[in-house]
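# A closer look at the structure
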Amino acid sequence: VQAGMYRLWLVTTLLGISTAHRTVHNSIWIRGGSTASVEELYELSCEKVVREILQNSQDTIEAFAQEIERENCVADFGIKSGIVLDDALASFSNEAPSPGDDESHAAIFASKMKDLEKAIDSPLHVLFMKQLSLLRNKVLKLYKHDVKLTDSSDYAAIVAADHLFSKEAEASVRPASTWDFLSERTSLQSTLSDIAQSKKKIVDTRIKAAGRQRKALQMVQSHYNNIQQLQRIAYGQASPWNVGVAYRLPETNINLSFGRQGGRTNVQISCVPEDSSNLLGRDGFTGGVNPGNVGMTVNLAV
């Protein structure tokens, strides 16, 4: 609702009142002015007061509209709206001519009072609906934020969001009015439930995917173990033992190594230069390690 919409509506209302004023005035002029009925003159006086009160209320209502158009909720909108209407009705009661004991005047007075109430309540109710929309968006944003940052259950988050909306919406309802927010609250609850269901589906999908991946890894590991077992059986080695022996010829760079692993025998002769052999003595590093300069490594594969 644009802030100018209220201005347009108010101008239309004033034009309607002015038109009624001209209609009554013309009828008086056609009949010569002095023949105007007392009821018509009384109605004109009441309409003049209504126009003045609407003009005075316009600034306050426009201020509400501008605040809401900036997507800011008006705090205690219900109470403030009630004050605007109560002040307008009180002003009409004080400024409009008293109907006295005249029943026709009393009927006109009550009719103009009712018209004034509708003229002020209508734009306020439009702003109320706009404020409910802002509250709905605010609550949805807070709900999505809280669900991401906290470990609370979706049900608890939905209850908290619904409570917040109801509290602030209730504060926006004008006292003694027919305003309500039942449909907006129901729509919000449905939206929150849909979001929670979508989140649950995503979480369930991730859990199932992780479970399938874990089973796949277990299957690969099982196949690998079976292949190793078959290899040991095929090569006649059911034992997990691996044996390796190395020997370095004294005062030489020649190294002999023998290994038995996975059912296969490996013999290797290599020349390993020792740049610092003069610092280690005549027999190099192997001197004095084991009798006969024999080195042995034993590996156990489990």
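Residues numbered from 1 in each chain as written. Predicted model: local features only at pLDDT ≥ 70, side-chain atom pairs only at ≥ 80, totals over all residues. Heavy atoms only, no water.

### Digging into the pattern of salt bridges
For the record, the criterion: Each salt bridge in this description consists of a side-chain nitrogen of Lys or Arg and a carboxyl oxygen of Asp or Glu lying within 4 Å of one another. Numbering of helices and strands runs from the N terminus; a helix is a DSSP stretch of H or I covering at least four residues, while a strand is a stretch of E covering at least two. In this scheme, a residue with accessible area under 20% of its type's maximum is buried, one over 50% is exposed, and one in between is partly exposed, where area comes from a 1.4 Å probe on protein chains only.
Under the defined criterion, the tally for this structure stands at six salt bridges. Residues K112 and E47 are paired through a salt bridge, measuring 3.1 Å at the closest nitrogen-oxygen approach. You can see K112 sitting in helix α4 (residues 103-149) and its partner E47 sitting in helix α2 (residues 38-69), a full 65 residues away along the chain. Judged by relative accessible area, which is 12%, K112 ranks as buried.

### Describing α2
It helps to recall that an α-helix has 3.6 residues per turn; residues three or four apart then point in one direction. Definition in use: Every helix has an expected span of 1.5 Å times one less than the residues it contains. One fitted axis covers the seven residues ending at a residue, a second covers the seven starting there, and the bend at that residue is the angle between these axes.
Taking 1.5 Å per residue, 32 residues should reach 46 Å; α2 reaches 46 Å between its end C-alpha atoms and fits that length. Of all bends in α2, the biggest is about 35°, found at Q58. Downstream of α2 by a residue or two, E71 has a phi angle that is positive, lying close to 65°.

### Side note on the environment of F165
Among the secondary structure elements, F165 is positioned in helix α5 (residues 154-172). For F165, a relative accessible area of 0% translates into the label buried. Through-space distance from the C-alpha of F165 to that of L188 is 8.7 Å; in sequence the pair is 23 residues apart.

### Things to note about the packing of α2 against helix α3 (residues 77-95)
What counts is decided by this rule: A fitted line through C-alpha atoms represents every axis, and for helices the fit uses only the stretch in contact; the resulting angles, taken between N-to-C directions, go from 0 to 180 degrees. Note on angle classes: values under 35 degrees are labelled roughly parallel, values over 145 roughly antiparallel, values of 65 to 115 roughly perpendicular, and the remainder oblique. When the near helix sits turned anticlockwise from the far one by under a right angle, the crossing is termed left-handed; a clockwise turn instead gives a right-handed crossing. Should any heavy atoms of two residues lie within 4.5 Å, those residues are counted as being in contact.
Running from N to C, α2 and α3 cross one another at 160°; their axes reach a closest spacing of 9 Å. In terms of their interaxial angle, α2 and α3 are classed as roughly antiparallel. Crossing hand, α2 versus α3: right-handed. Residues C46, V49, V50, E52, I53, S57, T60, I61 and F64 of α2 lie in contact with α3, whose contacting residues are F77, K80, V84, A88, S91, F92 and E95.

### Examining the packing of aromatic side chains
Working definition: an aromatic ring pair is given by the centre-to-centre distance plus the angle between the planes. What counts is decided by this rule: Centre distance within 6.5 Å is the pairing criterion for rings of Phe, Tyr and Trp, where only the six-membered ring of Trp is used; planes under 30 degrees apart are then read as stacked, over 60 as edge-to-face, and the remainder as tilted. Note on geometry: a ring has a charge over it if NZ (lysine) or CZ (arginine) is within 6 Å of the ring centre and within 35 degrees of the ring normal.
In total, this model carries five aromatic pairs according to the counting rule given. Relative to F181, the ring of F165 lies with its centre 6.2 Å away and its plane at 80°, an arrangement referred to as edge-to-face. Separated by 16 residues along the polypeptide, F165 in helix α5 and F181 in the loop between α5 and α6 (182-234) bring together distant segments of the chain. An aromatic cluster of at least three residues, connected via ring pairs, comprises F64, F77, F128 and W179. Sitting over the ring of W179, R174 keeps its end group 5.5 Å from the ring centre.

### Points about the side chain of Q131
The condition is simple: Counting of polar contacts relies on pairs of N or O atoms within 3.5 Å, with two restrictions inside protein: one atom must be capable of donating a hydrogen and the other of accepting it, and residues adjacent in sequence are counted only when both atoms are side-chain atoms.
Turning to its location among the elements, Q131 is positioned in helix α4. Within the structure, Q131 has its side chain in polar contact with the side chain of S172 (distance 2.9 Å). In contact with Q131, not counting residues within four places along its chain, are I68, C73, V74, F77 and S172.

### A look at the pairing of strand β3 (residues 264-271)
Selection rule: One requirement defines pairing of two strands: DSSP has to find at least two bridges between them.
Among the eight residues in β3, zero count as buried, and that is only a small part of the element. The sheet contact formed by strand β2 (residues 254-261) and β3 spans eight bridges and is antiparallel. Paired with G259 across the strands is N266, a residue of β3.

### Concerning a nonpolar patch on the surface
Note the threshold: Each patch is built from salt-bridge-free residues with over 30% relative accessible area, joining like charges within 9 Å and nonpolar side chains (Val, Leu, Ile, Met, Phe, Trp, Tyr) within 5 Å. With residues, only the protein chains shown are counted as cover, and all accessible areas are computed by Shrake-Rupley using a 1.4 Å probe.
On the surface, L249, I254, L256 and I269 cluster together to form a nonpolar patch covering roughly 320 Å² of accessible area. Note that I269 resides in strand β3. A relative accessible area of 65% places I269 in the exposed class.

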